[in-house]
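Spelled out from the first residue to the last, the chains are:
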Amino acid sequence: MPADIFNLDKVSFDYGPGAPALDGVDLTVAGGESVALLGANASGKTTLLRLLAGLASPTKGAITAFGVPLTAEALRDRGFTASFRRRVGFVFQNAEAQLFSPSVAAEVAFGPLQLGLDESAVAERVRDTLALLGIEHLAERAPFHLSGGEKRKVAIGSVLSLAPDILLFDEPTTGLDPRSRAWLVRFLRALREAGKTLVTATHDLDIVGRLADRAVVLGEDHRVWSDGPVGAVLADHPLLVGANLAEP
Ligand SMILES: Nc1ncnc2c1ncn2[C@@H]1O[C@H](COP(=O)(O)OP(=O)(O)OP(=O)(O)O)[C@@H](O)[C@H]1O
Ligand SMILES: [Mg+2]
């Protein structure tokens, strides 16, 4: 059995009194898995990814990452945070929130530069990443002026250039045209085949079967309603209707 990457034990998260976003979530993600996180709007998908990414800590319950407690205290340790960020990449729901550099090349170079790679190694990472995403032609463009789909690719590139083993994607296909969406699904599958661990939040049920081995369904009560092989979850129509993921 591959080692567990993440383990969540009765994790709850509130944004404030009476504002629950997750309630008693138990979840394990093993190395090399591709897990789809399904749930209606406001069910807590983004919040869960933020916890996995170490951008927030549970209000209740505990998370371990790579067997180590992922606590607010651990995340205050710069050494721990630096190695965690190298291993776990997070592609935001809103690509624009992730883009801040004057050019696409600079955007993709930012992470490797932070890691302290030398200039030629950074240049190589940037070249490889842009080629992988098929966006070499955008290298000198300003990210801010790209189309939504192009921005998504650059945001993915800015994360992939860090070469993380674990990738968290938040609604990666939203706003993509059919060709870009098909490309992205193939791309995510290739990442998985390359041995990456993927957690993808989505309510795009059409892509889930092609993307994931396992599906976790969050209900509108912010609890886990189902966790199992993707085929079984997708075949459970009453579950999908109950979780507001399918029309009755
Ligand atoms: N920064 C915040 N402050 C207060 N409440 C928040 C904040 N972010 C999210 N919430 C609330 O937490 C709940 C879960 O939100 P979250 O963004 O995790 O849902 P989601 O499943 O990602 O939804 P969507 O499909 O719309 O992206 C919602 O009720 C939301 O209003
Ligand atoms: Mg969300």
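Structure: see above.
Residues numbered from 1 in each chain as written. Chains lettered and ligands numbered in written order. Predicted model: local features only at pLDDT ≥ 70, side-chain atom pairs only at ≥ 80, totals over all residues. Heavy atoms only, no water.

Looking at the overall build of the protein
Helix and strand counts for the protein come out as ten helices and ten strands. Its C-alpha atoms give the protein a radius of gyration of 18 Å, within 12% of the compact-globule value 18 Å for 248 residues. Taken along its principal axes, the extent of the C-alpha atoms in the protein is 50 × 45 × 40 Å. Taking all 248 residues of the protein together, 48% fall into the buried category. The contacts of the protein with a sequence gap of at least 6 include a subset with a gap of at least 24, amounting to 65%. Split by element, the accessible area of the protein, about 11,600 Å² in all, is 53% carbon and sulfur. Taking the average location of the 24 positive side-chain charges in the protein and that of its 30 negative ones, the two points are 2 Å from each other. (Helix = DSSP H or I, 4+ residues; strand = E, 2+ residues; numbered from the N terminus. Rg over C-alpha atoms; globule rule 2.2 N^0.38 Å. Buried < 20%, exposed > 50% of the residue type's maximum accessible area, 1.4 Å probe, protein only. Contact = heavy atoms within 4.5 Å. Areas by Shrake-Rupley, 256 points an atom, 1.4 Å probe, with all protein chains shown as cover. Lys, Arg positive; Asp, Glu negative; His and termini not counted. Charge placed at Lys NZ, Arg CZ, Asp CG, Glu CD.)

So, unusual backbone geometry
Even without being a glycine, Ala42 presents a positive backbone phi close to 70 degrees. Mapped onto the elements, Ala42 comes out in the loop between strand E3 (34-39) and helix H1 (45-52). For Ala42, a relative accessible area of 68% puts it in the exposed group. Although it is not a glycine, Asn244 adopts a positive phi angle of roughly 60 degrees. Looking at where Asn244 falls in the secondary structure, it is placed in the segment after helix H10 (237-242). Given the relative accessible area of 45%, Asn244 is considered partly exposed.

Quick word on the environment of Asp14
Position of Asp14 relative to the elements: it lies in strand E1 (residues 4-14). Each C-alpha atom of the pair Asp14 and Ala97 lies 22 Å from the other, and the pair is 83 residues apart in sequence. Those residues in contact with Asp14, other than ones at most four positions away along the chain, are Ala19, Pro20, Ala21 and Thr59.

A short note on the pairing of E1
As judged from the seven bridges shared by E1 and strand E2 (residues 20-30), these two strands associate in the antiparallel manner. In the strand pairing of E2, Asp14 is matched with Pro20. Taken together, E1 and the strand that follows it, E2, pair antiparallel across an intervening segment of five residues, in which Gly18 is found at a positive phi of about 70 degrees. Strand direction decides the pairing type here: E1 and strand E4 (residues 60-65), joined by five bridges, are antiparallel. In the strand pairing of E4, Leu8 is matched with Ile63. (Pairing = 2+ DSSP bridges.)

Some details on the coordination of the magnesium ion (ligand 2)
The magnesium ion (ligand 2) binds to the protein through Thr46 (OG1) and Gln93 (OE1), with metal-donor distances spanning 2.0 to 2.4 Å. In this pair, Thr46 sits in helix H1 while Gln93 sits in the loop between strand E6 (88-91) and helix H4 (104-114), placing the two residues 47 residues apart along the sequence. Owing to a relative accessible area of 27%, Thr46 belongs among the partly exposed residues under this scheme. (Donors = N, O, S within 2.8 Å, 3.2 Å for Na, K, Ca; no water.)

Some details on the site of ligand 1
If you check the shell around ligand 1, you find 13 residues, and the closest are Ala42, Lys45, Thr46, Thr47 and Gln93. Contacts to ligand 1 include Thr46, whose side-chain N or O atom sits 2.8 Å from an oxygen atom. Contact distances for ligand 1 include 2.5 Å between an oxygen atom and a side-chain N or O atom of Thr47. Look at ligand 1: alone it shows 630 Å² of surface, and the protein chains cover 60% of it. (Near = heavy atom within 4 Å. Polar contact = N/O pair within 3.5 Å; in protein donor to acceptor, adjacent residues only side chain to side chain.)

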